[in-house]
Amino acid sequence: MTSATFVRQQLIAPSNPPASSVGTPAWLRQKLFGSALNAAATVISALILAALIWPTVRFMFIDAVWDGSSRVDCLEETVKRPVGACWPFIAAKFAQFMYGFYPADQVWRVNLTYVVGLVLLVPLLIPRAPWKTLNAVLFFGVFPVAAFYLLVGGRFGLPHVETRQWGGLLVTLVITFAGIIGSVPLGILLALGRRSSLPLLRWFCVVFIEFWRGVPLITVLFFATYMLPFFLPESWKLDPLARVLIGVILFAGAYMSEVIRGGLQAIPRGQFEAARALGLGYWKMMAFVVLPQALKIVIPGMVNSFIALFKDTTLVLIVAIFDLLGQLRAAFADPNWATPVTVLTGFAFAGVIYFIISFVISRYALYVERRLSTGVAH
Amino acid sequence: MKRVIGVLGLALAIGLSGQADAQTLKTVRDRGSLVCGVSQGLPGFSNPDDKGNWTGLDVDFCRAIAAAIFNDPTKVKFTPLAAKDRFEPLRSGEIDVLSRNTTWTSSRDAVFNFVGVVYYDGQGFMVRKALKVNSALELNGASVCAQSGTTTELNLADYFRANNMKYEIVAFGTADETIKAYESGRCDAFTTDVSQLYSEKLKLSNANDHVILPEVISKEPLGPVVRQGDDQWFDVVKWVLFGMLNAEELGVSSKTIDEALKSKQPEIRRMLGLDGTHGEQLGLPRDWVVRIVRHVGNYGEIFERNVGTSSRLGISRGLNRLWTKGGIQYAPPIR
Amino acid sequence: MTKTAFYNNPRFRSAFYQLLVLAAVIWFGIEFAINARANLEAQNVRFGFRFLNDPASFGISQTLISYSEQDTYTRVFLVGLLNTLLVSVIGIIFATILGFFIGLARLSPNWLLARLAGGYVELIRNLPLLFQILFWYVAVLLAMPSPRQSLGVGLQPLFLAAADGFAYLQYFGMPESIAQWWRGLAEWIGPPAVYINNRGLIMPRAIFGEGSGIVVAAFALAIFAIIGLRSWARRRQDATGKLFPVLWTSLVLLIGLPVLAALAVGAPVSFEAPELRGFNFVGGTRVIPEFTALLVALTTYTAAFIAEVVRAGVLAVPKGQTEAAMALGLRRNTTLRLVVIPQAMRVIIPPLTNQYLNLTKNSTLAVAIGYPDLVAVFAGTTLNQTHQAIEIIAITMAVYLAISLITSMAMNLYNARIRLSERV
């Protein structure tokens, strides 16, 4: 009973792939040294990386001076070695970078504002946290008013602190936050106006939006600083910071409206028609049906606009408002800290702050985007 | 919509706080402090330290006004102003006096009142010692750093053209940028008012490598400014300056003030308010000069302390000597 | 049928609201005009554009057209506008090249290169542009030597360096005479004509003598010839499938024709070499460091955004297209060049134009480092000297608005064109 045919009863265990196609060597080969060109790209990239990272690390940490009280401590003659960053300079100027010339005994007001803002902001950013509506009302409605009185003072027994004494990161954050608070409602109105059925209103909004989007921010700031006072009654003495805020809000509002318009356009016609069929008027339809959906779609776009706004706040230094970058440049001029490394130290410090803040916001936008896209599909 | 209006309203409200007022002295007394506009950081004239304490010649002048009014030189709030927008706060009443190395010119005097000259200045040049230049007339072909939108830029153009020399101007928006560009080697020379040259020189990391050339190419009398239409306040600020000058002329300083109060000399007695009511006539207390000299010092002391040869700036008195000592500082008498 | 109240009539409402908008706009306009008039009077400023004919009496560090202190503010405006256009156009060219390179590098199969490009984009996009401009200005100035220690760029420094190298090699038995000979060669070549120092990049200046018009004409002729050649080559390829080396022929034409013309009329173009005299180099032309810093900052910044645009455009091309091209036997770079990029361009062009506009608008930050662009010399210095704030800011805004509008009109035309070529 022999059979000529052989049928294997058991499968042969698959043999291991060639050693060159799995694990680290394969990865190295495929991703880094696949071809001569690939290898060259790897080598050049590695060289560029090394050329960038090593001097940075040396400057920021290895060669840096950590203790000292004046410029002398950061001079090569004193330290007797190449000098990197002069961190005592940052330590000495830290209060100015954070608060400008806000009176030292009143700084607690700024800190309190930050703490309240953070306490309200963080739960707002966490999708799972409860009481979103209340939270939003507190953050966008109550907090700005409270912050205004807390920072400006002159009421409730708090001494008045002029905005000219504000500076540093405080001004950067105030302009960013006020820009956001002002530009979103303005953007919504402009976006609605641009999609309105009333031709005159639509044209007005189109011209308004395109005007502010067509000119550079710096000319807007020049406009707000030098031209606006001419157009207002003489009795209105606009504070320089307030003038700049108006310019920033108009500018950011125009950009915001285009982002929001994108969201409005993405809402299917059926939603409008259904709302109408239910007997909702224009404002109710917008407030309860269209905008909640439209705004949700454009959150990533809006957050990107916020990052742009945050970065753009640096421009106020050109109209003599001392934001973080402006305060930094003012500090460069302090004779007590005049050393060859002062300027680079300042840039390193400010660069890290700017990078961290906008990087974190952009990562958050990405996170929301992913969340939204998984929610919408299927 | 309401929120927009609310925010805008708030923003406007920040600005509506100050109103022009004809009774500045009363406003200052009621407020309990003087608000003084100064520069944003010019060593020797007005400069904040790391803790925000202000020092300098312009600052001390503000302190002298506070001392005269309140008998307390600390009752001053300093408002740092950029050169470009120093006049607007004065016009709006946000500040009571502008003490910010401001040149007295006819067009400015048409709109404001200059109380006098705290410092006689003129535009000059700073160069690197290594260039071995001894005169501004040797600067043919040089690159010059200057602040844009100032009279400095125009004087510079006039000077080089009048002397048939070529130059390249590199203009920046602020004094700090200008000096930093000069320091990094962008320019051969740096030009601005001489007092400011001394002050900016301190901001250089190797101040000793630089030298200020002897030529002065313009007249820049610097003085405090007040609003028009308030003669009483104009007088008060003016006589604070004259009081300081008279005190120096009569040899009364913060060290000798107690002795001087026992003096029999009629001029000194009048000045210190021992005889007559000269202070009251001006709206000041009778012993206003005593208060100024005791708390702040006479003109010579303030000059020496902040910008004089014993200070870090090391400027010699020159034109700013009293008229009795070969200078042109001269105050009307108190009588 | 119940009669609706007239205020609920949609047509009435529409008309009413529009009237309201119109009234508000007019009211604001009148209010502004009245205030402006009162404020101008109070400040002794006379409204009008007559100041444009007054002499400017201040100097400008970079002028593309001739300019002196006696020229008018109108001339200042032109000088500033040209400087803005110069830095924008050059910036756009460089940013496009760098942006495409980095965008494609991000998609590279090479892990390290893709990460490096990604890191570049993240770093640049998360730092304020003004910060970068100030940084580059400091970096450029710090890196450059003073005029007296200028860095020469040319063959002589290269040969001298080589001679030094040979001098070192003589320890290993190389005859000294070779180093000597090299040095002699370097001497014979003459000093370099291009220098770099902290006053800028100094180059010889071409001086056009008599007959240089013919050279320019030859150049124009070359361009026309190239256009004709291209269309002929394409037609031939369509008909016969034969390729013609257009690129090389074009280059030969572009360089060859003007050179031939120049030789024919006896070399009318001479060069004025810069020479160190006193403080600075005299003669030649100079690229000021403010320009370099601004250009580097604008290029690197915009390139990061263009890289993202390019990446998105390439990713928008379906994978099937690449696979089909590969299946047809096209190589990777040919696939990229002939299949992927042409399709990606349709997605890329609109946002790319937007980036070009942004770069032009961002060039206004020049004012922070003293580059004399339109905003710096006109909205800055001129405004401060004349106090004609309303007129000057209005003119400046109008210029940028015009640039934006012209670009978006061109964009719309282009969009209409590429839409036509699409299949249904």
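Residues numbered from 1 in each chain as written. Chains lettered and ligands numbered in written order. Predicted model: local features only at pLDDT ≥ 70, side-chain atom pairs only at ≥ 80, totals over all residues. Heavy atoms only, no water.

To continue, consider the side chain of B:Ser143. Mapped onto the elements of the fold, B:Ser143 is located in strand β9 (residues 142–147). A polar side-chain atom of B:Ser143 sits 2.6 Å from a polar atom in the side chain of B:Glu168. Excluding residues within four positions of it along the chain, B:Ser143 makes contact with B:Glu168, B:Arg186, B:Cys187, B:Asp188, B:Ala189, C:Arg199 and C:Asn280. (Helix = DSSP H or I, 4+ residues; strand = E, 2+ residues; numbered from the N terminus. Polar contact = N/O pair within 3.5 Å; in protein donor to acceptor, adjacent residues only side chain to side chain. Contact = heavy atoms within 4.5 Å.)

With the rule as written, the count across this model stands at 52 aromatic pairs over all chains. When the ring of B:Tyr299 is compared with that of B:Phe303, the centres are 6.1 Å apart and the planes differ by 45°; the resulting orientation is tilted. Here the residue B:Tyr299 and the residue B:Phe303 both occupy positions in helix α14 (residues 299–306), the gap between them amounting to four residues, near one helical turn. Overall, B:Tyr299 belongs to the buried group, its relative accessible area being 1%. We classify B:Phe303 as buried; its relative accessible area is 0%. With centroids separated by 6.4 Å and ring planes inclined at 40°, the aromatic side chains of C:Phe58 and C:Tyr73 adopt a geometry described as tilted. (Phe/Tyr/Trp six-rings, centres within 6.5 Å; stacked < 30°, edge-to-face > 60°. Buried < 20%, exposed > 50% of the residue type's maximum accessible area, 1.4 Å probe, protein only.)

By a frequent convention, interface size equals the accessible area lost on bringing the separate parts together. Every contact between the two is made by 55 residues of chain A and, on the other side, 50 residues of chain C. When residues of chain A are sorted by the area they lose upon contact with chain C, A:Phe230, A:Phe231 and A:Lys311 head the list and together hold 16% of the total. Taken together, the links from chain A to chain C amount to one salt bridge. The closest approach of N and O atoms between C:Glu122 and A:Arg363, which form a salt bridge, is 2.6 Å. At the junction of chain A with chain C, the criterion picks out 12 residue pairs in polar contact (both at pLDDT 80 or more). Mapped onto the side of chain A that touches chain C, the elements with two or more residues apiece are α1 (23–31), α2 (36–62), α8 (199–214), α9 (217–231), α14 (324–332) and α15 (342–376) of chain A. With 11 residues, the top contributor of residues to the side of chain A that touches chain C is α15(A). Of the residues assigned to the side of chain A that touches chain C, the class counts are 38 nonpolar, 10 polar and seven charged. (Buried area = accessible area lost by both parts, 1.4 Å probe. Salt bridge = Lys/Arg side-chain N within 4 Å of Asp/Glu carboxyl O. Nonpolar A, V, L, I, M, F, W, Y, C, P; charged D, E, K, R; others polar.)

What follows is about helix α12 (residues 282–297) of chain A. Residue and element names in this part refer to chain A. At Val 290, α12 shows its maximal bend, which comes to roughly 50°, and the proline Pro 292 appears one to four places after that position. Met 285, Met 286, Val 289, Val 290, Leu 291 and Ala 294 are the residues of α12 that are buried. Buried-residue contacts for α12 involve α7 (168–194), α10 (240–266) and α11 (269–277). (Bend = angle between axes of the 7 residues up to and from the residue.)

Let us now look at the environment of C:Leu127. With respect to the helices and strands, C:Leu127 occurs in the loop between α3 (111–125) and α4 (129–143). C-alpha separation for the pair C:Leu127 and C:Ala376, spaced 249 residues apart in sequence, amounts to 23 Å. Not counting chain neighbours up to four residues away, the residues in contact with C:Leu127 comprise A:Lys311, A:Gly351, A:Tyr354, A:Phe355, C:Gln132 and C:Tyr301.

Residue and element names in this part refer to chain A. Orientation of helix α4 (residues 87–99) relative to α7, taken along the N-to-C sense of each, is 20°, at an axis distance of 2 Å. As far as their axial angle goes, α7 and α4 are roughly parallel. Facing Gln 96, Phe 97, Met 98 and Tyr 99 of α4, the residues of α7 in contact are Gly 168, Leu 169 and Leu 170. Of the residues contributing to the contact of α4 with α7, the split by class is five nonpolar, two polar and no charged. (Axes fitted to C-alpha atoms, helices over the stretch in contact; angles between N-to-C directions. Parallel < 35°, antiparallel > 145°, perpendicular 65-115°, else oblique.)

Moving on, we get to the packing of helix α2 (residues 73–106) of chain C against helix α9 (residues 289–315) of chain C. Residues and elements named next belong to chain C. With their axes 6 Å apart at the nearest point, α2 and α9 run at an angle of 40° to one another. One way to sum up the angle between α2 and α9 is to call them oblique. Here α2 runs over α9; the crossing is right-handed. Each residue belonging to the contact of α2 with α9 can be placed in one class, and the counts come to 18 nonpolar, seven polar and three charged. (Left-handed = near helix turned anticlockwise from the far one by under 90°.)

Residues and elements named next belong to chain B. Counting buried residues in strand β1 (residues 34–39) gives six out of six residues, a clear majority hidden from the surface. On β1, burial covers both faces: Leu 34, Cys 36 and Val 38 on one face and Val 35, Gly 37 and Ser 39 on the other are all buried. Across six bridges, the pairing between β1 and strand β4 (residues 76–81) is parallel. Counterpart to Leu 34 in the pairing with β4 is Val 76. Bridge count for β1 against strand β5 (residues 97–103) is two bridges, and the pairing is parallel. What sits directly across from Cys 36, in β5, is Val 97. (Pairing = 2+ DSSP bridges.)

With that settled, the discussion passes to the state of the cysteines. By definition, a disulfide links two cysteine residues through a covalent bond between their sulfur atoms. Per the stated rule, a full pass over the model turns up three disulfides over all chains. In this model, A:Cys74 is linked to A:Cys86 through a disulfide, with the two sulfur atoms separated by 2.0 Å. Taking the sign of the S-S torsion, about 70° here, the bridge from A:Cys74 to A:Cys86 comes out right-handed. In this pair, A:Cys74 is assigned in the loop between α2 and α3 (76–79) and A:Cys86 in the loop between α3 and α4, connecting sequence segments 12 residues apart. Under the relative-accessibility criterion, A:Cys86 is labelled buried at 0%. Paired by a disulfide, B:Cys145 and B:Cys187 hold their sulfur atoms 1.9 Å apart. Disulfide B:Cys145-B:Cys187: the torsion about the S-S bond is 70°, which places it as right-handed. In this pair, B:Cys145 is assigned in strand β9 and B:Cys187 in the loop between α7 (175–183) and β11 (189–193), connecting sequence segments 42 residues apart. In terms of burial, B:Cys145 and B:Cys187 fall into one category: buried. (Disulfide = S-S within 2.5 Å.)

Before going further, it helps to examine the sheet that holds strand β3 (residues 200–203) of chain C. Residues and elements named next belong to chain C. One open sheet holds the four strands; their spatial order is β1-β2-β3-β8, and the pairing between them is antiparallel. Both outer strands of the open sheet, β1 (151–153) and β8 (285–287), are each paired with one neighbouring strand and no more. Put simply, the sheet's adjacent strands are angled 25° from each other on average, direction ignored. Across three bridges, the pairing between β1 and strand β2 (residues 194–197) is antiparallel. Counterpart to Val 153 in the pairing with β2 is Val 194.

Residue and element names in this part refer to chain A. By the secondary structure assignment, Leu 291 is in helix α12. Judged by relative accessible area, Leu 291 falls into the buried class, the value being 11%. With 274 residues separating them along the chain, Leu 291 and Pro 17 place their C-alpha atoms 55 Å apart. In this structure Leu 291 touches Ile 188, Leu 192, Leu 264, Met 286 and Lys 296, once residues within four positions along its chain are discounted.

In this structure, A:Phe97, A:Tyr102, A:Trp166 and A:Phe222 are the most contacted members of the largest nonpolar core, which totals 185 residues. Here this core gets 14 residues from one element, more than from any other, and that element is α10(A). Not counting residues up to four positions away in its chain, the partners in contact with A:Phe222 are A:Met227, A:Ile318, A:Val319, C:Val375, C:Ala379 and C:Ile393. (Core = buried A, V, L, I, M, F, W, Y, C linked by side-chain atoms within 4.5 Å.)

Once that is clear, we can look at a nonpolar patch on the surface. On the surface, a cluster of nonpolar side chains totalling about 910 Å² of accessible area is made up of A:Ile44, A:Ile48, A:Leu52, A:Ile53, A:Trp54, A:Val57, A:Phe61, A:Ile62 and A:Trp66. Residue position: A:Ile44 is located in helix α2. (Patch = residues over 30% accessible without salt bridge, like charges linked within 9 Å, V, L, I, M, F, W, Y side chains within 5 Å. Areas by Shrake-Rupley, 256 points an atom, 1.4 Å probe, with all protein chains shown as cover.)

This next bit is on the confidence of the model for chain A. Overall, the prediction assigns chain A a mean pLDDT of 85, with 97% of residues at 70 or greater. Element-level mean pLDDT values for chain A span from 74 in α1(A) up to 92 in α7(A). (pLDDT = per-residue confidence, 0-100.)

Take the pattern of salt bridges next. Opposite charge on two side chains lets them pair, provided their charged atoms get close. Within the structure shown, the criterion is met by 26 salt bridges over all chains. Measuring nitrogen to oxygen at the nearest pair gives 2.6 Å for the salt bridge that ties C:Glu290 to B:Arg186. With C:Glu290 in helix α9 and B:Arg186 in the loop between α7 and β11, this residue pair bridges two chains. The pair formed by C:Glu290 and B:Arg186 is uniform in burial state, with each residue classed as buried.

Let's shift gears to the pairing of β9(B). Residues and elements named next belong to chain B. With six of its six residues buried, β9 lies for the most part within the structure. Burial along β9 is two-sided: the residues Ala 142, Val 144 and Ala 146 and Ser 143, Cys 145 and Gln 147 are all buried. Sheet topology note: the β9/strand β10 (residues 167–172) ladder contains six bridges and is parallel. Counterpart to Ala 142 in the pairing with β10 is Tyr 167. Handedness of the crossover joining β9 and β10 through helix α6 (residues 151–162): right-handed. (Right-handed = clockwise from strand over helix to strand, strands pointing away.)

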